[in-house]
Amino acid sequence: QVQLVESGGGLVQAGGSLRLSCAASGSFLSINTMGWYRQTPGKQRELCADIASGGRTKYADSVKGRFTIFRDNAANTVYLQMNSLKPEDTAVYYCYAKVTNGILYTDYWGKGTLVTVSS
């Protein structure tokens, strides 16, 4: 079993910054991709950014140039630095990890952390 624990959400004014973090723990061999998704009521969960174990990153167009994803492989932790926040960034942000035990890959999700951007 793998647990993902997120932190760093909260209330911020438009134009401000927040940093989310997500630490993975449990029984696994290694983590392939880690990432952040977000969801607002009535909408599907959408990718914000993800990062492979080798460092390749992918961003949604809506956050390019404002958000930066990075990870500490030794600590099994992924971060999302969010700058120039906009009210439309308000959402529950979920951490994601694709984990392997050496045989199978399994997707895990955190419980989510709320980010609220006031105008």
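Given the structure is predicted, the values throughout are model-derived calculations rather than measurements.

1. Some thoughts on the overall build of the protein chain
When its secondary structure is counted, the protein chain shows zero helices and eleven strands. Walking the protein chain from its N terminus toward its C terminus, one meets helices and strands in the order β-β-β-β-β-β-β-β-β-β-β. The C-alpha radius of gyration of the protein chain comes to 14 Å, within 12% of the 14 Å expected for a compact globule of 119 residues. C-alpha atoms of the protein chain, sized along the principal axes, occupy 45 × 25 × 20 Å. The proportion of buried residues among the 119 residues of the protein chain is 40%. Of all intrachain contacts in the protein chain linking residues separated by at least 6 positions in sequence, the fraction that spans at least 24 positions is 54%. Put simply, the protein chain shows about 6,300 Å² of open surface, and 49% of that area lies on carbon and sulfur atoms. Where the 12 positive side-chain charges of the protein chain centre and where its 8 negative ones centre are 1 Å apart.

2. Re the side chain of threonine 33
Relative to the helices and strands, threonine 33 is located in strand β4 (residues 30-39). Using a relative accessible area of 12% as the deciding quantity, one classes threonine 33 as buried. Side chain to side chain, threonine 33 and asparagine 32 meet in a polar contact 3.5 Å long. Here threonine 33 is in contact with Asp50, Ile51, Ala52, Arg71, Tyr96, Ala97 and Lys98, once residues within four sequence places are set aside.

3. Details of the state of the cysteines
As used here, a disulfide is simply a covalent bond connecting the sulfur atoms of two cysteines. A complete count under the given rule lists one disulfide for this structure. Here cysteine 22 is linked by a disulfide to cysteine 95, with a sulfur-sulfur distance of 2.0 Å. Sign of the S-S torsion, about -80° for the bond between cysteine 22 and cysteine 95, identifies this disulfide as left-handed. You can see cysteine 22 sitting in strand β3 (residues 18-26) and its partner cysteine 95 sitting in strand β9 (residues 91-100), a full 73 residues away along the chain.

4. Describing the pairing of strand β11 (residues 113-118)
Along β11, the buried face is formed by Thr113, Val115 and Val117; none of Leu114, Thr116 and Ser118, which line the opposite face, is buried. Of the pairings in the sheet, the one linking strand β2 (residues 10-13) to β11 comprises four bridges and is parallel in character. Paired with leucine 11 across the two strands is threonine 116, which belongs to β11. The sheet contact formed by β9 and β11 spans three bridges and is antiparallel. For valine 92, the partnering residue across the bridge sits in β11 and is leucine 114.

Reading the values: rules and limits
Residues numbered from 1 in each chain as written. Predicted model: local features only at pLDDT ≥ 70, side-chain atom pairs only at ≥ 80, totals over all residues. Heavy atoms only, no water. Helix = DSSP H or I, 4+ residues; strand = E, 2+ residues; numbered from the N terminus. Rg over C-alpha atoms; globule rule 2.2 N^0.38 Å. Buried < 20%, exposed > 50% of the residue type's maximum accessible area, 1.4 Å probe, protein only. Contact = heavy atoms within 4.5 Å. Areas by Shrake-Rupley, 256 points an atom, 1.4 Å probe, with all protein chains shown as cover. Lys, Arg positive; Asp, Glu negative; His and termini not counted. Charge placed at Lys NZ, Arg CZ, Asp CG, Glu CD. Polar contact = N/O pair within 3.5 Å; in protein donor to acceptor, adjacent residues only side chain to side chain. Disulfide = S-S within 2.5 Å. Pairing = 2+ DSSP bridges.

The values reported here are purely geometric and, on their own, carry no functional implication.
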